[in-house]
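The primary structure of each chain is shown beneath.
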Amino acid sequence: MVMDMAETDENSSDTPQRQVVCPICTKEFPEDEITFHASRCGESFDSAQSSAANDYSPSLPAQTPVFEPKHVEDVLCFLQHQVDTTTEFKLCVDRDDLPDRGILQWKRKKSATPVSALKVVYIGEAGIDTGALRKEFLTDMISGIENRFFEGTGSHGKNPMYSLTDLDNDNFRVVGEIMAVSLAQGGPPPAFLKEWCYNFLCTGEMDFNSLSLEDVSDLESCLLISKVQDAADSQSLMLCADEIVSCGYTSQIKMDSKDGIIRAIVLHSTTRLIPMLQQLQKGMKLYGLVDQMGGNPEACRSLFVPGEIIKRMMIPSSSECGKVCLQSREKDVVHTKEVNHIRDVKQAIFRQ
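Because the structure is predicted, anything quoted here is derived from the model rather than measured.

In terms of regular secondary structure, the protein is built from 17 helices and six strands. Counting only residues that meet the buried cut, the protein has 40% of its 352 residues in that class. The long-range share in the protein, meaning contacts at least 24 apart out of those at least 6 apart in sequence, stands at 70%. With an accessible surface of roughly 20200 Å², the protein has 53% of that area assigned to carbon and sulfur atoms.

Printed below as a string of structure tokens:
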């Protein structure tokens, strides 16, 4: 009897035990040990997650350690998944007064946030926004924002317009939010920024050594640079003395100092735009866009800087509703100014 039991024990020890995969760490363990391991593995996994959450800092290049996009398509996919599709950010706007009316209604919206799915209704038009109206709105807004809030010519991009009025009205923050929403919800990319502007938005710091004449976009500075370059003698150069001094140049104004004078003009033209870029960056933090730009500047570059063709262009086609309404407007003009005035009065009353 004892011999039989010994033989049985020897046979059972020789038989290989069945291996089971841990559902948490995906490693294989013997079947009789998997229960104990899974309990310990789950505890260590939870503590690691909580530790990572506590150690999170906005200054980290990526918003999450799991997702590290390397291509522009990955960034767009990430932003799309940050949209709260369970709620709506609904705007009632007029086509003829974009982008100003769109920005105004955007700021007045208090019942929802731009994190939600954008829904657009045009005044005087019947239709339900299933996506086409939203894309039309974002396309018109991005185009209007480029012309209204940015200045520059050529294919090297544009700088924010120096406007303390728009800065005081928090308009650049709204512009940044609209840019983020356009990328996340199927609109066109705002690919019209100068390289130095994009780098500042990514890092929050300015690289003064990288600034050049091509980074100047405002007409006054460009004209002043031309006057300095064309000055034939010290007398003609002194005619621009007041303008040169107002740019922060404090050395002696003479022909040998032309390079230093022009350098001061370049720095003055660009550094005064830092508050506008900071406010723009604040709005672009929506969906974690700034974090993605900081962690993946090359992947996001084509979304903001002109010159590189984006494979996944998000330029929408006009909706049938929009085409019909635009044709009908030629016969039946909607008095949008009166409608907008009434809406302004009502919204002012409700805010009191």
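We are not done yet, so read on.
Closest axis-to-axis distance for the helix α9 (residues 219–230)/helix α12 (residues 258–271) pair is 10 Å, and the angle between their directions is 180°. Relative to α12, the element α9 lies roughly antiparallel. Contact residues: α9 offers S221, L224, I225, V228 and Q229, while α12 offers K258, I261, I262, I265, V266 and S269.

Once that is clear, we can look at the pairing of strand β4 (residues 116–122). Within a regular strand, side chains alternate between the sheet's two faces. For β4, a buried count of five out of seven residues is recorded, marking the element as mostly surrounded by other parts of the structure. Bridge count for strand β3 (residues 84–93) against β4 is seven bridges, and the pairing is parallel. Bridge pairing links D84 to S116 in β4. As a crossover connection, the stretch from β3 through helix α4 (residues 100–108) into β4 is right-handed.

Right, let's get into the pattern of salt bridges. Inspection of the entire model under this criterion finds 11 salt bridges. Taking the shortest distance from any N to any O, the salt bridge between R301 and E298 comes out at 2.7 Å. With a gap of three residues between them, R301 and E298 both fall in helix α15 (residues 297–301), about one helical turn apart. Relative accessible area serves as the criterion here: at 58%, E298 is assigned to the exposed category.

A few words now on the packing of aromatic side chains. Taken as a whole and judged by the stated rule, the model has four aromatic pairs. When the ring of F89 is compared with that of W106, the centres are 4.9 Å apart and the planes differ by 65°; the resulting orientation is edge-to-face. With F89 in strand β3 and W106 in helix α4, this pair connects stretches of sequence that are 17 residues apart. We note that F89, like W106, is buried. With a centroid separation of 5.0 Å and an interplanar angle of 65°, the aromatic rings of F150 and F192 are classed as edge-to-face. Residue F150 is located in strand β5 (residues 150–151), and its partner F192 is located in the loop between α7 (171–184) and α8 (195–203); the two are separated by 42 residues in the primary sequence. Of the two residues, F150 and F192, both sit in the buried class.

Glancing now at the side chain of E125. With respect to the helices, strands and loops of the structure, E125 is situated in the loop between β4 and α5 (132–149). At 2.5 Å, the side chain of E125 and the side chain of R95 are in polar contact.

Looking now at helix α13 (residues 274–283). For α13, the complete set of buried residues consists of M276, L277, Q279, L280, Q281 and G283. Buried residues in α13 make contact with β5, β6 (159–160), α6 (164–168), α7, α8 and α14 (289–295).

Geometrically, the link from L98 to P99 is a cis peptide bond, its omega value of 10° lying close to zero. Among the structural elements, P99 can be located in the loop between β3 and α4. Positive phi, close to 65°, is recorded for Y287, a residue that is not glycine. Along the chain, the position of Y287 falls in the loop between α13 and α14.

A separate point is the confidence of the model for the protein. Here the protein shows a mean pLDDT of 80. Residues at 70 or above account for 69%. Ignoring residues within four places in sequence, the model shows residues 42–66, a span with pLDDT below 50, making 17 contacts including any to other chains. In the model, residues 311–336 has pLDDT below 50 throughout and makes 33 contacts with residues more than four positions away in sequence or in other chains.

In this section: the environment of G102. Secondary-structure assignment places G102 in helix α4. Exposure remark for G102: the relative accessible area of 0% places this residue in the buried category. Considered as a pair, G102 and M141 are 39 residues apart in the sequence and their alpha carbons are 7.5 Å apart. When neighbours within four sequence positions are excluded, G102 is seen to be in contact with V93, D97 and M141.

As for its position among the elements, K227 is in helix α9. Sequence spacing of K227 and L237 is 10 residues, and the spatial spacing of their C-alpha atoms is 7.8 Å. Not counting the four nearest positions on each side in its chain, K227 is found in contact with C240 and E243.

Relative orientation of the contacting elements α4 and α7 amounts to 95°, with a least axis distance of 10 Å. As summarised for this structure, α4 and α7 are arranged roughly perpendicular, according to the angle between their axes. Along the contact surface, α4 presents I103, W106 and K107, while α7 presents N171, V174, V175, E177, I178 and V181.

Cut-offs applied
- Residues numbered from 1 in each chain as written.
- Predicted model: local features only at pLDDT ≥ 70, side-chain atom pairs only at ≥ 80, totals over all residues.
- Heavy atoms only, no water.
- Helix = DSSP H or I, 4+ residues; strand = E, 2+ residues; numbered from the N terminus.
- Buried < 20%, exposed > 50% of the residue type's maximum accessible area, 1.4 Å probe, protein only.
- Contact = heavy atoms within 4.5 Å.
- Areas by Shrake-Rupley, 256 points an atom, 1.4 Å probe, with all protein chains shown as cover.
- Axes fitted to C-alpha atoms, helices over the stretch in contact; angles between N-to-C directions.
- Parallel < 35°, antiparallel > 145°, perpendicular 65-115°, else oblique.
- Pairing = 2+ DSSP bridges.
- Right-handed = clockwise from strand over helix to strand, strands pointing away.
- Salt bridge = Lys/Arg side-chain N within 4 Å of Asp/Glu carboxyl O.
- Phe/Tyr/Trp six-rings, centres within 6.5 Å; stacked < 30°, edge-to-face > 60°.
- Polar contact = N/O pair within 3.5 Å; in protein donor to acceptor, adjacent residues only side chain to side chain.
- pLDDT = per-residue confidence, 0-100.

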